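If you want the building blocks of each chain, they are given just below.
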Amino acid sequence: MSVLVYTESENGKFKKNAFEVASYGFMLAQELKTVAIAIAFNVENPEELGNFGISKVLNIKDANLTNFNANAYAEAVSQAIAQENSKNIIISSSTDTKYMAGILAGKLNAGYCPNVVAAPLNTEPLTLKRTVFSNKGFATTSIDTDIGIIGVSSNAFGINENKTQTEVLEFNPNIEGSDLGVSSVSIDKVTGKATIADADIVVSGGRGLKGPENWSLIEDLAEVLGAATACSKPVSDLGWRPHSEHVGQTGKPVSSNLYIAIGISGAIQHLAGVNSSKVKLVINTDPDAPFFKAADYGVVGDAFEVVPELIEKLKEFKAQNA
Ligand SMILES: Cc1cc2nc3c(=O)[nH]c(=O)nc-3n(C[C@H](O)[C@H](O)[C@H](O)COP(=O)(O)OP(=O)(O)OC[C@H]3O[C@@H](n4cnc5c(N)ncnc54)[C@H](O)[C@@H]3O)c2cc1C
């Protein structure tokens, strides 16, 4: 028996969430008195997972599996599960992984519990706390099948170092052409910026910023904080910002440690996508803006005065603490 951790990577490097799922897998393996094994796809330094408690990494080296493919990845993971006799599979709650999880659950006849925010409440049966209703509530869910898939919410459990002796093995799953189904012809991705999914801090702007010509406020604040930039839906609908930055119920989910909302009213559809961020700071001229009810910190003020001052103070702080 073992715990199997599915890790995500990009351009041969682990994504940040790989270390979080590895940390979760190690914790569960200890509870179950077994070992945590990971599967990785074309990663350059698979042994890095040894820092987070993984004792064996099955690294796939297959050019056909460089880009995420839900069918083929689910097939590869299910073969690793059979080889390692894994009963608990730990995955992230990223969009790609959630897409694969349904296919994997179908293949294995496994129970799947997404959006898990804490260590299991019980292991017999596996009982988990997860968010529901777009992060507005919690549910306690048990997995009653022989194999269970646990989807860990981003930034919920955290990354914990546990240096472990790691064995790296090449893994060659038997993938048929029909497992691929579709293949990526090209991928066009914004580079050089923190992505919303991976960022610890997200700076987000709404219609209160009046127009795209004022977005340097958001970008300058994001730069000084090393943050990703985001926006409300109307902002991307108006073409002020690309749709890739739209967050909320119909956009990307945000689970950052700090979410800064500037000139955003806090409509329920916006909050649905950002509720799971740990700390929310709101800057808005209207003291009755609904966002203040969901905020941890609030500044009632004009973004055009508050944000430049905040940038100035942060720069001073960084210079003094460099
Ligand atoms: C089915 C459906 C799905 C939706 N999905 C999403 C979604 O995924 N994401 C999303 O964001 N929206 C979504 N919406 C839209 C949502 O209902 C709101 O209309 C939208 O979030 C409002 O965007 P906003 O806060 O930028 O604009 P507004 O509601 O216009 O708010 C602007 C805010 O800026 C403040 N402000 C004005 N001037 C300043 C200033 N100088 N300084 C500081 N603050 C200022 C105002 O007080 C106001 O609170 C959805 C709607 C529907 C019906």
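Residues numbered from 1 in each chain as written. Predicted model: local features only at pLDDT ≥ 70, side-chain atom pairs only at ≥ 80, totals over all residues. Heavy atoms only, no water.

Q: How should I be thinking about the sheet that holds strand β13 (residues 201–205) in this particular structure?
A: Backbone-to-backbone hydrogen bonds pair the strands of a sheet. The strands run either parallel or antiparallel. Taken together, 5 strands build an open sheet; the order of strands is β14-β13-β15-β16-β17 and the sheet is parallel. Looking along the sheet, the strands with just one partner apiece sit at the ends: β14 (228–231) and β17 (297–300). Strand after strand, the sheet turns through a mean of 15 degrees between neighbouring axes, direction not considered. Across 4 bridges, the pairing between β13 and β14 is parallel. (Pairing = 2+ DSSP bridges. Helix = DSSP H or I, 4+ residues; strand = E, 2+ residues; numbered from the N terminus. Axes fitted to C-alpha atoms, helices over the stretch in contact; angles between N-to-C directions.)

Q: Is there a simple way to explain the domain arrangement of the chain in this structure?
A: Often, the extent of an interface is quoted as the loss of accessible area on bringing the components together. Under the domain assignment used here, the chain contains domain 1 (2–180) and domain 2 (201–320). On a C-alpha basis, the centres of domain 1 and domain 2 stand 32 Å from each other. For the pairing of domain 1 and domain 2, the buried interface totals around 620 Å² over both sides, and the portion due to carbon and sulfur atoms is 41%. Across the domain 1-domain 2 interface, the total number found is 0 salt bridges. If you look at where domain 1 meets domain 2, you find 2 residue pairs in polar contact (both at pLDDT 80 or more). Taken together, the residues of the side of domain 1 that touches domain 2 break down into no nonpolar, 4 polar and 1 charged. (Domains from an automatic or database assignment. Buried area = accessible area lost by both parts, 1.4 Å probe. Salt bridge = Lys/Arg side-chain N within 4 Å of Asp/Glu carboxyl O. Polar contact = N/O pair within 3.5 Å; in protein donor to acceptor, adjacent residues only side chain to side chain. Nonpolar A, V, L, I, M, F, W, Y, C, P; charged D, E, K, R; others polar.)

Q: When you look at helix α9 (residues 303–320) in this model, what are you seeing that I'm missing?
A: The α-helix winds at 3.6 residues per turn, so residues separated by three or four positions along the chain end up facing the same way. In a regular helix each residue adds 1.5 Å, so 18 residues correspond to 26 Å; α9 covers 25 Å between its end C-alpha atoms and thus fits that length. Those residues of α9 that fall on the buried side of the exposure criterion are Ala-303, Val-307 and Ile-311. In a view along the axis of α9, the buried residues occupy a sector of 60 degrees, so they form one face of it. Projecting away from the buried face of α9 at angles above 90 degrees are the exposed residues Glu-305, Glu-309, Lys-313, Phe-317, Ala-319 and Gln-320. If you follow the buried residues of α9, they end up packed against α5 (216–225), β15 (258–262) and β16 (279–284). Between the side-chain oxygen at the start of α9 and the backbone nitrogen of Phe-304 there is a gap of 2.8 Å, and the oxygen is on Asp-302. (Expected span 1.5 Å × (residues − 1). Buried < 20%, exposed > 50% of the residue type's maximum accessible area, 1.4 Å probe, protein only. Arc of directions from axis to C-beta. Contact = heavy atoms within 4.5 Å.)

Q: Where do I start with the side chain of Glu-20 in this structure?
A: Mapped onto the elements, Glu-20 comes out in helix α1 (residues 16–31). For the buried Glu-20, no salt bridge exists, and the shortest N-O distance to an oppositely charged side chain is 6.3 Å, to Lys-278. (Lys, Arg positive; Asp, Glu negative; His and termini not counted.)

Q: Would you take a moment to explain the side chain of Ser-92 for this structure?
A: As for its position among the elements, Ser-92 is in strand β6 (residues 86–92). Residue Ser-92 is classed as buried on the basis of its relative accessible area, which comes to 4%. Within polar-contact distance, the side chain of Ser-92 engages the backbone nitrogen of Ser-94 at 3.1 Å. Excluding residues within four positions of it along the chain, Ser-92 makes contact with Glu-8, Asn-17, Val-21, Thr-97, Gly-151 and Val-152.

Q: Would you mind showing me how to read the site of the ligand here?
A: In the region of the ligand, 27 residues are neighbours, and Ser-232, Thr-250, Ser-265, Gln-269 and Asn-284 sit closest. Within the contact set of the ligand, an oxygen atom lies 2.7 Å away from a side-chain nitrogen or oxygen of Asn-284. Of all the elements in the fold, those that place two or more residues in the shell around the ligand are α6 (233–237), α7 (268–274), β16 and α9. Of the residues assigned to the shell around the ligand, the class counts are 7 nonpolar, 15 polar and 5 charged. (Near = heavy atom within 4 Å.)

Q: Could you clarify how one ought to interpret the pattern of salt bridges in this entry?
A: Side chains that carry opposite charge are capable of pairing whenever their charged atoms lie near each other. Per the counting criterion, the structure on display carries 9 salt bridges. Ionic pairing is found between Glu-84 and Lys-56, a salt bridge with its closest N-O pair at 3.1 Å. Remark: Lys-56 occurs in strand β5 (residues 56–60) and Glu-84 occurs in helix α2 (residues 70–84); sequence separation between them is 28 residues. Of the two residues, Glu-84 and Lys-56, neither departs from the other in class, the shared state being buried. The residue Glu-75 makes a salt bridge to Lys-107 at a minimum N-O spacing of 2.7 Å. Residue Glu-75 is found in helix α2, and its partner Lys-107 is found in helix α3 (residues 95–108); the two are separated by 32 residues along the sequence. A cluster of three or more residues bridged by salt bridges with shared partners is formed by Glu-219, Arg-241 and Glu-245.

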